[in-house]
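Below are the chains, spelled out letter by letter.
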Amino acid sequence: MMMEQRLERDPVYDQEFARAIQVIEKHNDFILTTHINPDGDGLGCESALSLALTGMGKKVTVVNANATPALYSFLPNRDSFNVATGYSQHHEVAIFLECPDEQRAGGVIDISRGASQVINIDHHVFNSRFGTVNLIDPTAAAAGEQVWDLLEGLKCQCDKLMAIGIYTAIATDTGHFKYAGVTARTHQIIAQLVELGVRPNYMNEQLYERVPVEGLHLLAMALAWVRFNARHNVGWFSVTQDMLTATGAQESNTENFVNYVRAVEGVEVAVFFLETREGKTKISFRSRGAIDVSIIARQLGGGGHQRAAGVLLSEPLELAQARVLTEVEKRVNGKE
Ligand SMILES: [Mn+2]
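Every chain begins its residue count from 1, and numbering advances along the sequence as written. Only residues with pLDDT of at least 70 get local features here, since the model is predicted, and only at 80 or more are side-chain atom pairs given and counted; chain-wide, interface and lining totals rely on the full set of residues.

Attention now moves to the nonpolar core. Under the definition applied here, buried Ala, Val, Leu, Ile, Met, Phe, Trp, Tyr and Cys residues are grouped into a nonpolar core through C-beta atoms within 7 Å. Here a residue counts as buried when 20 or more other C-beta atoms sit within 10 Å of its C-beta, as exposed when there are 12 or fewer, and as partly exposed otherwise, the C-beta atoms being derived from the backbone. Residues Ile95, Ile119, Val147, Ile166, Tyr167 and Ile170 are the most contacted members of the largest nonpolar core, which totals 60 residues. Under the DSSP-based scheme used, a helix requires at least four consecutive residues in state H or I and a strand at least two consecutive residues in state E, with every element numbered from the N terminus. Sorting elements by how many residues they give to this core places helix H5 (residues 160-173) first, with 8 residues. Residues are treated as contacting if the C-beta atoms built from their backbones sit within 7 Å of each other. Excluding residues that lie within four positions of it along the chain, Ile166 makes contacts with Gly44, Ala48, Gly144, Val147, Trp148 and Leu193. Within the second largest apolar cluster, 34 residues are counted, among which are Trp236, Val267, Val293 and Val324.

Below, the structure written as structure tokens:
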């Protein structure tokens, strides 16, 4: 069993933060991007930051490798988010949100040519520091906390629309303020967002109470096949393309499925397998805390946090399942 990871901010964080403010203040033309299959943290940050920069009179373009999932359709300015890879236009400043390396953005920007300055904002432990400015803070529960600090540093007049983005970022990355990364600081920021007019019940409804009925049927079908190892401390289940077809649900409806299995008493690690349209396998890991699933994910070529990690494997579901479960078993119970 692993010790709880001790997380620290980069020792140079404060200097880097001051440089980020200077770079943003000095330039006028920005491109924002986040990782492939964007999540609430990346998208919420893009929403808030692009509104803030636009409000400061700057030109902002948001480009992601994948479309915004329907779940985030309530984000105020999400219609302005572009989807492209191999985007070739040059911008003065590129801001990467939550990308451990530039490749994780899915080829949206070639940083050697696409921008003069690159601000790299991330709260994951492993980050290649590919930016010209690197804001790496694993003590932040979400990149949304870092972006909030930036808005304050920029003396931005924050409004309710920007607050919705930051709230989305923090709420989704913390399992709605439940996970280990949550601090007093998290709640202090949320308090300020509520003061700006964000209603927590509205946010909860948007994020968790708009499940399409197809998604519910898919969950029921998938949970019927949940399996546990002999010690009952590893649980897993899958969604196949056939299940998606049978229920009419979307791949994005599976986003929180893995948490149902982590919630089972005695389960240390939950694993969810999604067969993608291309015949690959997308894997999500969740840990109760004693096991660092980011180590397993990284061994397989993915990444993440101690309690939430993932990887996309090119092999089909059954092969991926066998390989992944062997690795998990080794890590959890120390045997082949
Ligand atoms: Mn995040």
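Now that the structure has been shown, the text picks up again.
As a further point, take the domain arrangement of the chain. Segmentation of the chain into domains, including their bounds, is taken from an automatic or database domain assignment. Along its sequence, the chain is carved into domain 1 (13-208) and domain 2 (213-333). Placing a centre on the C-alpha atoms of domain 1 and another on those of domain 2 gives a separation of 27 Å. Taken together, the contact between domain 1 and domain 2 spans 8 residues of the former and 5 residues of the latter. All residues other than Ala, Val, Leu, Ile, Met, Phe, Trp, Tyr, Cys, Pro, Asp, Glu, Lys and Arg, Gly among them, are scored as polar; the first ten of these are nonpolar and the last four charged. Grouping the amino acids of the side of domain 1 that touches domain 2 by side-chain chemistry returns 7 nonpolar, 1 polar and no charged.

Note: two strands are recorded as paired if DSSP finds a minimum of 2 bridges between them. Strands sit in the order E3-E2-E1-E4-E5-E6 across an open sheet of 6 strands; the sheet is parallel. Looking at which strands have only one partner, the edges of the open sheet turn out to be strand E3 (81-83) and strand E6 (133-136). When the angles between neighbouring strand axes are averaged without regard to direction, this sheet yields 25°. Across 4 bridges, the pairing between strand E5 (residues 115-122) and E6 is parallel. If you follow Ile119 over to E6, its bridge partner there is Val133. Only the stretch in contact is used when fitting a helix axis, every axis being a line fitted to C-alpha atoms; angles between N-to-C directions are given from 0 to 180 degrees. In the packing of helix H1 (residues 13-26) onto the sheet, the strands contacted are strand E4 (91-97), E5 and E6, and the crossing angle to E6 comes to about 125°. The sheet strands contacting helix H4 (residues 143-153) are E4, E5 and E6, and the helix crosses E5 at an angle near 125°.

So, about the environment of Gln117. Turning to its location among the elements, Gln117 is positioned in strand E5. Residues contacting Gln117, with those up to four places away along its chain left out, are Val23, His27, Glu92, Val93, Thr132 and Val133.

This part is about the sheet that holds strand E11 (residues 303-304). Strand order in this open sheet of 6 strands is E7-E8-E9-E10-E12-E11, and the pairing throughout is mixed. Every other strand in the sheet has two partners, leaving strand E7 (227-228) and E11 as the edge strands with one partner each. In this sheet, strand E12 (residues 308-313) lies alongside strand E10 (residues 281-287) in antiparallel orientation, the contact comprising 6 bridges. Counterpart to Phe285 in the pairing with E12 is Ala309. Packed on one face of the sheet, helix H12 (residues 317-333) meets strand E8 (234-239), strand E9 (269-275), E10 and E12 and runs near 165° to E9.

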